[in-house]
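What the coordinates show
Here are the chains, one letter per residue:
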Amino acid sequence: MEQLLAPIKQFLHCETPDEWLIEAIKTENLPTILIDHLVCELKAGQSAMYLIRKYAVDKESGQVLLEWLKPFETYAYKKEGDWRELPKFNRLTKSVVPKANSKYGQDLVDKMVLLIKEELHHFYQVLEIMDECNIEYVNITSSRYASGMISHVTTHEPNTLIDKLIIGAYIEARSCERFAKLAPLVNKRLGDFYVSLLRSEARHYQDYLALAEQIAGKDISERIRFFGEREAELILTSDDDFKFHSGVPIVFNDEC
Ligand SMILES: [Fe+2]
Ligand SMILES: [Fe+2]
């Protein structure tokens, strides 16, 4: 585990503060942690799918991709369908073909299709744990984290794509770091689940970063550092909305 985490800790500009961990392991916060985690898994799949649809494939393949995600989105947004049935939908019905003129299309498709498959599997696994813990899935609002990062994305290509890939790398790396920190502090079932996620989330972080560097074709360390600093600000500043990727929690004292 340490070997897996060493590059992630080096990549991130700060560690998760203890104040966040203290809140995250409170029994009353378990529903928020799990539901937010669930939604993050779907969003990770959606973001990856958006990137391949926008940059790497034609309309027909884009449609095939959308169909893949549909049952998961229908469950998440309309609460329709049986969640136990979801694993049978986690497959592509047709092959996805990269655009003929895309330099990096094949690599983007290969890495992102595998990533989406894994995120949708994680989505199902979180639902399994929620079922075991009798936690009902209810809609919750998004944290400031991803939107706080996206607000810094450049508006001209290919830098927009490169920025989004760097952000993807940071989100995956932070998730990985938080799973590792939480694992020894929660019950064995949840801890084992978090440890089981580490390997794929660590690879996702590396895939995003490798794609960003490959597509840029030049040194992007300055841009990576920029997003690393913004990410650390979101993690280290006070945040009154407790979520999986939130900042330092503001704990309201009842006596005040
Ligand atoms: Fe995941
Ligand atoms: Fe991931």
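These notes cover the structure that comes with them. (Residues numbered from 1 in each chain as written. Chains lettered and ligands numbered in written order. Predicted model: local features only at pLDDT ≥ 70, side-chain atom pairs only at ≥ 80, totals over all residues. Heavy atoms only, no water.)

Overview of the overall build of the chain
Check the secondary structure of the chain and you find nine helices and two strands. Computed over C-alpha atoms, the radius of gyration of the chain comes to 18 Å, within 12% of the 18 Å expected from 2.2 N^0.38 for 256 residues, which places it in the range of a compact globule. Over its C-alpha atoms, taken along the principal directions, the chain stretches across nearly 65 × 45 × 35 Å. Each of the 256 residues in the chain was classed as buried or not, and the buried ones make up 51%. By sequence separation, contacts in the chain at least 24 residues apart represent 80% of the contacts at least 6 residues apart. Total accessible area on the chain is roughly 12,800 Å²; 52% of this is exposed by carbon and sulfur atoms. Within the chain, one finds 31 positive and 41 negative side-chain charges whose respective centroids are separated by 6 Å. (Helix = DSSP H or I, 4+ residues; strand = E, 2+ residues; numbered from the N terminus. Rg over C-alpha atoms; globule rule 2.2 N^0.38 Å. Buried < 20%, exposed > 50% of the residue type's maximum accessible area, 1.4 Å probe, protein only. Contact = heavy atoms within 4.5 Å. Areas by Shrake-Rupley, 256 points an atom, 1.4 Å probe, with all protein chains shown as cover. Lys, Arg positive; Asp, Glu negative; His and termini not counted. Charge placed at Lys NZ, Arg CZ, Asp CG, Glu CD.)

Some words on the packing of aromatic side chains
One pass over the full model with this rule turns up 11 aromatic pairs. Considering the side-chain rings of Trp20 and Phe244, the 5.9 Å spacing of their centres and the 85° angle between planes classify their relative orientation as edge-to-face. Remark: Phe244 occurs in the loop between strand E1 (238–239) and strand E2 (248–249) and Trp20 occurs in helix H2 (residues 18–24); sequence separation between them is 224 residues. Its relative accessible area of 0% is what places Trp20 among the buried residues. When its relative accessible area of 1% is taken as the criterion, Phe244 is described as buried. When the ring of Tyr75 is compared with that of Tyr137, the centres are 6.0 Å apart and the planes differ by 25°; the resulting orientation is stacked. Highlighted residues: Tyr75 in helix H4 (residues 59–78) and Tyr137 in the loop between helix H5 (105–132) and helix H6 (145–150), separated in sequence by 62 residues. Of the two residues, Tyr75 and Tyr137, both sit in the buried class. Each member of the aromatic cluster is reached from another via a ring pair, and the members are Trp20, Phe179, Phe193, Tyr194, Phe242 and Phe244. (Phe/Tyr/Trp six-rings, centres within 6.5 Å; stacked < 30°, edge-to-face > 60°.)

Description of the coordination of the iron ion (ligand 1)
For the iron ion (ligand 1), every protein donor is listed as Glu41 (OE), Glu119 (OE), His122 (ND1) and Glu201 (OE), and the spread of their distances is 2.0 to 2.3 Å. Sequence positions of the residues that donate to the iron ion (ligand 1) give the spacing E-x77-E-x2-H-x78-E. Between the iron ion (ligand 1) and the iron ion (ligand 2) the interatomic distance amounts to 3.5 Å, and Glu119 serves as a bridging ligand to the pair. In this pair, Glu119 and His122 both sit in helix H5, three residues apart, roughly one turn of the helix. Glu119 gets classed as buried once you look at its relative accessible area, which sits at 1%. (Donors = N, O, S within 2.8 Å, 3.2 Å for Na, K, Ca; no water.)

Topic: the side chain of Asp163
Here Asp163 is to be found in helix H7 (residues 159–182). Among the polar contacts made by the side chain of Asp163, one reaches the side chain of Thr154 at a distance of 2.5 Å. Beyond its immediate stretch of four places on either side in the chain, Asp163 contacts His152, Val153, Thr154, Arg223 and Phe227. (Polar contact = N/O pair within 3.5 Å; in protein donor to acceptor, adjacent residues only side chain to side chain.)

Thoughts on the nonpolar core
Ranked by size, the top nonpolar core spans 83 residues in total, and within it Ile52, Leu108, Phe123, Leu165 and Tyr194 carry the most contacts. Apart from residues no more than four positions distant in its own chain, Leu165 is found in contact with Leu51, Leu108, Tyr208, Leu211, Ala212 and Ile215. (Core = buried A, V, L, I, M, F, W, Y, C linked by side-chain atoms within 4.5 Å.)

Considerations on the coordination of the iron ion (ligand 2)
Within the first shell, the iron ion (ligand 2) binds the protein through Glu119 (OE), Glu172 (OE), Glu172 (OE), Glu201 (OE) and His204 (ND1), at distances of 1.9 to 2.6 Å. Each donor residue of the iron ion (ligand 2) lies on the same chain, and together they follow the pattern E-x52-E-x28-E-x2-H.

Digging into helix H8 (residues 188–216)
A rise of 1.5 Å per residue sets the reference length of H8, with its 29 residues, at 42 Å; its end C-alpha atoms lie 42 Å apart and thus fit the reference within 8%. The largest bend in H8 is about 35°, located at Leu198. Capping the start of H8, Asn187 holds a side-chain oxygen 3.2 Å from the backbone nitrogen of Arg189, two or three residues further along. Looking at the residues trailing H8, positive phi occurs at Gly217, about 65°. (Expected span 1.5 Å × (residues − 1). Bend = angle between axes of the 7 residues up to and from the residue.)

Examining the environment of Asn90
Secondary-structure assignment places Asn90 in the loop between H4 and H5. Looking at Asn90, the relative accessible area reads 13%, which means it is buried. Setting aside its immediate chain neighbours within four residues, Asn90 contacts Trp68, Phe72, Lys117, Leu120 and His121. Polar side-chain contacts of Asn90 include one of 3.0 Å to the side chain of Trp68.

Considerations on the environment of Leu42
Take Leu42: it is sitting in helix H3 (residues 30–55). Contact partners of Leu42, with chain neighbours within four places excluded, come to Phe72, Glu73, Ala76, Tyr77, Leu120 and Phe123.

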